[in-house]
Amino acid sequence: MRRPFICGNWKMNKTVRESEIFAQQLAALLPPSLQRDVAIAPPFTALHSVALIIRNTPIRLAAQNVHDRPKGAFTGEISAPMLLDIGCQYVIVGHSERRSYFGETDEWINKKIKAVLENGMQPILCVGETLEEREENFTFSVVERQIKGGLQGLGIDGISKTIIAYEPVWAIGTGKTAEPFQAQEVHRFIRKEVEKLTSQEVANELRIIYGGSVNPSNISPLMAEEDIDGALVGGASLSVDDFLSIIMYK
Ligand code: PGA
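If you're wondering where the values come from, they're calculated on a predicted model, not measured in any experiment.

What counts, and where the lines are drawn
- Residues numbered from 1 in each chain as written.
- Predicted model: local features only at pLDDT ≥ 70, side-chain atom pairs only at ≥ 80, totals over all residues.
- Heavy atoms only, no water.
- Helix = DSSP H or I, 4+ residues; strand = E, 2+ residues; numbered from the N terminus.
- Rg over C-alpha atoms; globule rule 2.2 N^0.38 Å.
- Buried < 20%, exposed > 50% of the residue type's maximum accessible area, 1.4 Å probe, protein only.
- Contact = heavy atoms within 4.5 Å.
- Pairing = 2+ DSSP bridges.
- Axes fitted to C-alpha atoms, helices over the stretch in contact; angles between N-to-C directions.
- Left-handed = near helix turned anticlockwise from the far one by under 90°.
- Nonpolar A, V, L, I, M, F, W, Y, C, P; charged D, E, K, R; others polar.

Trainee: Give a description of the overall build of the protein chain that names residues and reports values.
Mentor: A tally of regular secondary structure across the protein chain gives twelve helices and eight strands. For the protein chain, the C-alpha radius of gyration of 17 Å lies close to 18 Å, the compact-globule estimate for 250 residues. The buried share among the 250 residues of the protein chain stands at 54%. In the protein chain, once contacts between residues fewer than 6 apart in sequence are set aside, the share between residues at least 24 apart is 72%.

Below, the structure is given as structure tokens:
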């Protein structure tokens, strides 16, 4: 049984104080018996203070990015050991904004994933096609390349600890969600690709979450699809009410 995983990606939003208030409010509202995994990815500047607030709550901490090297002369970068030290359990890797604005390649993303795993955290590998690629029928080949490139050399153990987020680029921050059947089709494809790299058991247990304009009204039909195991939520995760409604989807 795959346990649903809902992760909020705040991107470059919220001050330390705003992040603390959000974390306190969410922690107070989450039912203790929640059978779902919940994480938030605040900006780096707020990781430490949010970590202290959520310490004894069901909320887990995620980072939005990481550098592949453990330390050294990489001005402005943050390493996996630093993220572990601060209390992160998950790290988002290869988000489409990182790929398009910061030139992250599949090869580099693969190195980052290895660094995350070596430090005992779980990577959330983001994949997804642009609108142009979808219109030209390249969705599956693009996703296949990103999956194979991202998971290269991880071994069965590494792959089984990875969470994959399918985020069609045309659905991110646009208010345009993929239809549940469109997302399901790609999620199923990803699971088959993972099966080829591992085994049916590992592929069946792997969580594949959807991202791209997820909100309180579209979460339920998405989660009703067989291969959709959770959501990576951007804009709607900035509001406690909206994020809570998404977490508590029926
Ligand atoms: P969005 O972002 O929910 O604002 O579309 C999702 C993401 O980029 O992870």
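Trainee: Break down the pairing of strand 6 (residues 163-166) for me, with residues and values.
Mentor: Alternating positions in strand 6 separate into two faces, Ile163 and Ala165 on one and Ile164 and Tyr166 on the other, with burial throughout. Judged from the four bridges that link them, strand 5 (residues 122-127) and strand 6 form a sheet pairing that is parallel. Paired with Leu125 across the two strands is Ile164, which belongs to strand 6. Note that strand 6 and strand 7 (residues 208-211) share three bridges and pair parallel. By the bridge assignment, Tyr166 is partnered in strand 7 with Tyr210.

Trainee: Residue-level account of the pairing of strand 5, with values.
Mentor: Of all the six residues making up strand 5, six are buried; the element is thus mostly covered by neighbouring parts of the structure. Where burial is concerned, the two faces of strand 5 agree: the one with Gln122, Ile124 and Cys126 and the one with Pro123, Leu125 and Val127 are both buried. In this structure, strand 4 (residues 90-93) lies alongside strand 5, joined through four bridges in parallel fashion. Residue pairing in the sheet places Tyr90 in a bridge with Gln122 of strand 5.

Trainee: An account of the packing of helix 1 (residues 16-29) against helix 12 (residues 240-247) is requested, with residue identities and associated values reported.
Mentor: Two elements in contact, helix 1 and helix 12, have axes whose closest approach is 10 Å; the angle formed by their N-to-C orientations is 40°. Our pair here, helix 1 against helix 12, has a crossing hand that is right-handed. Facing helix 1, whose interface residues are Phe22, Gln25, Leu26 and Leu29, helix 12 presents Val240, Phe243, Leu244 and Ile247. Partitioned by chemical class, the residues of the contact of helix 1 with helix 12 number seven nonpolar, one polar and no charged.

Trainee: Give a description of the sheet that holds strand 7 that names residues and reports values.
Mentor: The strand order around the closed barrel built from eight strands is 1-2-3-4-5-6-7-8, with neighbouring strands paired in parallel fashion. Sheet twist, expressed as the mean angle between neighbouring strand axes with direction ignored, is 25°. Running at roughly 165° to strand 3 (residues 59-63), helix 2 (residues 44-54) makes contact with strand 2 (37-41) and strand 3 of the sheet.

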